[in-house]
Amino acid sequence: DGGITQSPKYLFRKEGQNVTLSCEQNLNHDAMYWYRQDPGQGLRLIYYSQIVNDFQKGDIAEGYSVSREKKESFPLTVTSAQKNPTAFYLCASSPLLGNQPQHFGDGTRLSIL
Amino acid sequence: DAKTTQPTSMDCAEGRAANLPCNHSTISGNEYVYWYRQIHSQGPQYIIHGLKNNETNEMASLIITEDRKSSTLILPHATLRDTAVYYCIVRTLRGGSQGNLIFGKGTKLSVKP
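For the structure given in this document, a descriptive report is provided here.

Thresholds, definitions, all that
- Residues numbered from 1 in each chain as written.
- Chains lettered and ligands numbered in written order.
- Predicted model: local features only at pLDDT ≥ 70, side-chain atom pairs only at ≥ 80, totals over all residues.
- Heavy atoms only, no water.
- Phe/Tyr/Trp six-rings, centres within 6.5 Å; stacked < 30°, edge-to-face > 60°.
- Helix = DSSP H or I, 4+ residues; strand = E, 2+ residues; numbered from the N terminus.
- Buried < 20%, exposed > 50% of the residue type's maximum accessible area, 1.4 Å probe, protein only.
- Pairing = 2+ DSSP bridges.

## Section: the packing of aromatic side chains
- For the coordinates displayed, the defined rule picks out twelve aromatic pairs over all chains.
- Centroid distance A:Tyr64 to A:Tyr89: 5.9 Å. Interplanar angle 65°. Geometry classified as edge-to-face. Placement of the pair is A:Tyr64 in strand E7 (residues 64-66) and A:Tyr89 in strand E9 (residues 87-94), with a sequence separation of 25 residues.
- Among the residues examined, A:Tyr64 registers a relative accessible area of 6% and is labelled buried.
- With 5.9 Å between their ring centres and 70° between their planes, B:Tyr36 and B:Tyr46 make a pair best called edge-to-face. With B:Tyr36 in strand E3 (residues 31-38) and B:Tyr46 in strand E4 (residues 45-50), this residue pair connects regions lying ten residues apart in the sequence.

## What about the pairing of E9(A)?
Residue and element names in this part refer to chain A.
- For E9, the tally of buried residues reaches eight of eight residues, placing the bulk of the element in the interior.
- Alternating residues of E9 divide into Ala 87, Tyr 89, Cys 91 and Ser 93 and Phe 88, Leu 90, Ala 92 and Ser 94, and every residue in both groups is buried.
- Sheet topology places strand E4 (residues 31-37) next to E9; seven bridges connect them, and they run antiparallel. Among the inter-strand pairings, Ala 31 is bridged to a residue of E9, identified as Ser 94.
- Bridge analysis of E9 against strand E11 (residues 108-112) gives three bridges, and the strand direction is antiparallel. Following the sheet pairing, Tyr 89 is matched in E11 by Thr 108.
- Pairing of E9 with strand E10 (residues 103-104) involves two bridges; the strand directions are antiparallel. Across the sheet, the residue bridging to Ala 92 is Phe 104, located in E10.

Purely geometric stuff here, so don't read any function into it on its own.
Have a look at this one:
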């Protein structure tokens with residue numbers, strides 16, 4: 001089935017450690033997005049990419065980095081500079097043009113040890 | 001900031017219609033209304049979207065007022081599995097390409113037996 005796969009489902013990070021969250025899609029979508037969700041809150045945009053080898057900062061990009069080397073993959077690295085990384089991270093994808101909706105993966109929950 | 005206003009929570013009896021309101025009084029002519037829902041610890045699920053006409057699909061109906069300042073999502077026969085947080089989002093298409101989703105806190109719908 002077509003869809004978005006995020007891995008791992010749960011991730012633990014030690015203080016001062018970088019971690020990378022995986023996001024893969026087989027929907028042939030040009031655009032991909034990373035959101036962060038804190039308990040009881042809506043989603044906030046971290047980074048997005050509309051084309052391979054190009055990406056833009058969202059509202060809360062500090063302490064995060066991304067790459068887009070392939071159309072189907074958009075990994076997110078949570079760096080040690082992110083002082084409050086504990087959250088639920090969601091990846092989404094969509095066609096670039098038109099009004100078709102974004103589709104989401106099932107998320108990765110990151111916790112600090 | 002989110003451009004929509006939704007009640008914090010609502011209850012609905014199982015088997016009855018659930019009507020979820022959304023106010024988007026500052027919506028502009030090129031902005032679509034999207035509805036997503038999120039079940040705990042899962043990614044948001046797309047439900048329906050529209051511009052100015054009422055829309056219906058296998059999941060729900062979307063009723064948009066003539067002045068487009070508010071809308072209602074209707075789940076015709078709510079089941080216990082419809083218990084979730086429902087997000088109403090307005091989104092701009094900029095030059096044909098998609099604008100980012102801005103999530104508010106949504107409405108927590110509880111379907112009761």
